[in-house]
Amino acid sequence: MGQPRSTALSRCDILVIGAGPAALAIAAELGSRGLAVTALAPADPASPWVNTYGIWAEEVDALGLGHLLSHRWSDCVSFFGAGGGGGGVVGGSASEGQPQDRPLHHGRAYGLFDKAALQAHWLGRCASAGVVWQQGKASSIRHHQEGSTLTTCGGQELAAQLVVDASGHDPVFVRRRNDGPVAGQAAYGMVGRFSAAPISPGQFVFMDYRCDHLSAPERLEPPTFLYAMDLGDGVFFVEETSLALAPAVPFAQLQDRLRRRLAQRGVELRELLHEEFCLFPMNPALPDLGQRVVGFGGAASMVHPASGFLVGGLLRRAPDLANAVQSALEQGLQGEALARAAWRGLWPADLRWKHGFFRFGLEKLMRFDGPQLRHHFASFFSLPQQQWYGFLTNTITPAQLLAAMLRLYGQAPWDVRWGLMGQRGRELSLLARWLLG
Ligand SMILES: Cc1cc2nc3c(=O)[nH]c(=O)nc-3n(C[C@H](O)[C@H](O)[C@H](O)COP(=O)(O)OP(=O)(O)OC[C@H]3O[C@@H](n4cnc5c(N)ncnc54)[C@H](O)[C@@H]3O)c2cc1C
């Protein structure tokens, strides 16, 4: 191992750590406000991203970025029946009790980012804004009254008025409260060609919770669902997903369930083009908003705790953080005061309240068994579109969110209401099931 390299201290207004979606989004936004931004990443910022990013099309259309989607589906469905003609309620209104395998049509378009185009879009904006790239891995940081000095693993020192940590879900500097085990969204996916279409041609399947490929004991285990897309030219993306669980569902189990789900429909993999192993924390606590390093993206707990979406939030919220930083600098704020103003811009009271509410909801859902979860989602997606869409994308106000949840509670079947009531509700539910045979 070599000795740390000592180089001349380089200074900037803002130092952004990372080169993932969050880092590029915030570096571009800060740079476009005339601030001197340096970004630090361990590798070439144009190195291809590995994850696939899906999003409700309206979110990107609203920002004028619809052209960054490689695919767009208007036929978007979910399945909330048990499958195979077993008991349970399927999509549509939960109270209608429709046939088992009928899809629920969401009536909204879903898209898949062309991730190279998304990355190029942000890198282009960074270049126009004069963002300077440094190669290296952040290792330690010292704070002083006017700013911070970061040292890389290679010994390089970078000084800035404010450091923004966008190094992902396991951040290098941002600290969060330890609230106990964090639930992980885990998924195993395959892009490939199959002996037959695994889903209807031209379709996007958001959640297929049918479970007729599982044995009776397996149906008592934490439920998983299929997320799938027809990518065209005979290629499909199929992914077995666990919404959230602590500890996360192991990849081997997801892989096995996906194979059996496909086999149940007489579908075999013919050619594997790509495999995806997806695991990220769903419900980390909010960061400590008094700390000197400001976070963005996974580092700042910005993943939607009930849906797992992040990219739409990055696009919408980067301007809020950038505006807060710009205005604080214009007021001459420094050090701790600057960081506090930036955190307040990123996590204002309404977003903090909703984050707490979504986490609370996810904790309830994680305790649901398979039938309860299917009944819950059937009810949830029979809410007016603006309500379920606003919930999933975090684009509704706290008052609208409360109204949606009250409506959901009012229209949900009793097993879901009992589940939402917690332990006492579960006892009542078991008693009712026993009494009703
Ligand atoms: C397989 C998968 C699929 C997903 N699909 C979706 C989806 O469809 N839609 C959605 O909204 N969300 C999705 N997510 C969730 C979320 O969007 C991603 O996890 C997203 O990549 C997080 O973005 P980020 O920029 O915060 O972190 P990352 O993408 O993890 O980027 C972190 C960056 O920081 C750099 N870095 C790390 N440590 C250091 C250091 N010490 N010094 C300097 N740089 C450092 C890394 O090299 C990297 O460039 C998915 C996640 C996964 C894992």
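Residues numbered from 1 in each chain as written. Predicted model: local features only at pLDDT ≥ 70, side-chain atom pairs only at ≥ 80, totals over all residues.

Undergrad: What am I meant to see in the site of the ligand here?
TA: Near the ligand you find 30 residues, and of these Gly18, Gly20, Ala22, Gly168 and Gly297 are the closest. Looking at the shell around the ligand, the elements that each hand over two or more residues are α1 (21-31), β2 (37-41) and β16 (269-281). Of the residues that constitute the shell around the ligand, the class distribution is 19 nonpolar, nine polar and two charged. Taken together, domain 1 (10-51 + 114-176 + 284-347) and domain 2 (71-113 + 181-281) each give at least three residues to the shell around the ligand, which thus spans both. (Near = placed C-beta within 6 Å. Helix = DSSP H or I, 4+ residues; strand = E, 2+ residues; numbered from the N terminus. Nonpolar A, V, L, I, M, F, W, Y, C, P; charged D, E, K, R; others polar. Domains from an automatic or database assignment.)

Undergrad: Sorry if this is basic, but what is going on with helix α10 (residues 385-393) here?
TA: Those residues of α10 that fall on the buried side of the exposure criterion are Trp388, Phe391 and Leu392. The arc that holds the buried residues of α10, viewed along the axis, is 95°, so those residues lie on one side. Among the exposed residues of α10, those pointing more than 90 degrees away from its buried face are Gln385 and Gln386. On the buried face of α10, the contacting elements are α9 (370-380) and α11 (398-411). Once α10 finishes, Asn394 follows within two positions and takes phi at roughly 60°, a positive value. (Buried ≥ 20, exposed ≤ 12 C-beta atoms within 10 Å, placed from the backbone. Arc of directions from axis to C-beta. Contact = placed C-beta atoms within 7 Å.)

Undergrad: Looking at this structure, how should I read unusual backbone geometry?
TA: What is expected of a backbone is that most residues other than glycine have negative phi and most peptide bonds are trans. Residue Ala246 is joined to Pro247 through a cis peptide bond whose omega torsion reads -5°. For Pro247, the position within the fold is in the loop between β15 (235-245) and α5 (251-264). The phi torsion at Ser301 lies on the positive side, around 55°, for a residue other than glycine. Checked against the element boundaries, Ser301 lands in the loop between β17 (294-295) and α6 (311-330). For Asn394, which is not glycine, the phi torsion reads 60° and is therefore positive.

Undergrad: What is the right way to read the sheet that holds strand β3 (residues 54-56) from this model?
TA: Within a sheet, each strand pairs with its neighbour through backbone hydrogen bonds, oriented either parallel or antiparallel. Judged by pairing direction, the sheet is antiparallel, and its three strands sit side by side in the order β3-β7-β4 without closing on themselves. Each having just a single partner strand, β3 and β4 (69-73) make up the two edges of the open sheet. With strand direction ignored, the average angle separating the axes of adjacent strands in the sheet is 25°. As judged from the three bridges shared by β3 and strand β7 (residues 110-113), these two strands associate in the antiparallel manner. Of the residues in β7, the one forming a bridge with Trp56 is Tyr110. (Pairing = 2+ DSSP bridges. Axes fitted to C-alpha atoms, helices over the stretch in contact; angles between N-to-C directions.)

Undergrad: How do you make sense of the sheet that holds β16 when you look at a structure like this?
TA: Strand order in the open sheet formed by seven strands is β6-β5-β13-β14-β15-β12-β16, and the pairing between neighbours is mixed. Because the sheet does not close on itself, it has two edges, and the strands there are β6 (104-105) and β16. The pairing of strand β14 (residues 225-232) with β15 spans seven bridges and is classified as antiparallel. Looking at the pairing, Asp230 lines up with Phe236 of β15.

Undergrad: Please clarify how the packing of α1 against helix α3 (residues 115-128) should be interpreted in this entry.
TA: The axes of two packed helices give the description: the angle between them and the distance between them. One can describe the packing of α1 onto α3 by two numbers: an axis separation of 8 Å at closest approach and a directional angle of 30°. In terms of orientation, α1 lies roughly parallel with respect to α3. Judged by the sense of rotation from one axis to the other, the crossing of α1 with α3 is left-handed. Contacts between α1 and α3 pair Leu24, Ala25, Ala27, Ala28 and Gly31 from the former with Gln119, Trp122, Leu123, Arg125 and Cys126 from the latter. Per-class residue counts for the contact of α1 with α3 are seven nonpolar, two polar and one charged. (Parallel < 35°, antiparallel > 145°, perpendicular 65-115°, else oblique. Left-handed = near helix turned anticlockwise from the far one by under 90°.)

Undergrad: Quick question: what am I supposed to make of the nonpolar core here?
TA: Nonpolar side chains in soluble globular proteins tend to end up buried together. Ranked by internal contacts, the top residues of the largest apolar core, which has 118 residues, are Ile14, Val16, Ile26, Ala27 and Ala342. Top element by residues in this core is α6. It accounts for nine residues. With near-sequence residues (within four places) excluded, Ala342 lies in contact with Leu162, Val294, Leu321, Ala324, Val325 and Ala328. (Core = buried A, V, L, I, M, F, W, Y, C linked by C-beta atoms within 7 Å.)

Undergrad: I'm lost on helix α8 (residues 349-366) in this one. Help?
TA: One full turn of an α-helix is made of 3.6 residues, so residues set three or four places apart face in the same direction. With 18 residues, α8 extends 26 Å between its outermost C-alpha atoms, agreeing within 8% with the 26 Å of an ideal straight helix rising 1.5 Å per residue. Listed as buried for α8 are His355, Phe358 and Leu362. Burial along α8 is one-sided: seen end-on, the buried residues are contained in an arc of 70°. With respect to the buried face of α8, the exposed residues turned more than 90 degrees away are Ala349, Asp350 and Phe360. Next to the buried residues of α8 lie β15. (Expected span 1.5 Å × (residues − 1).)

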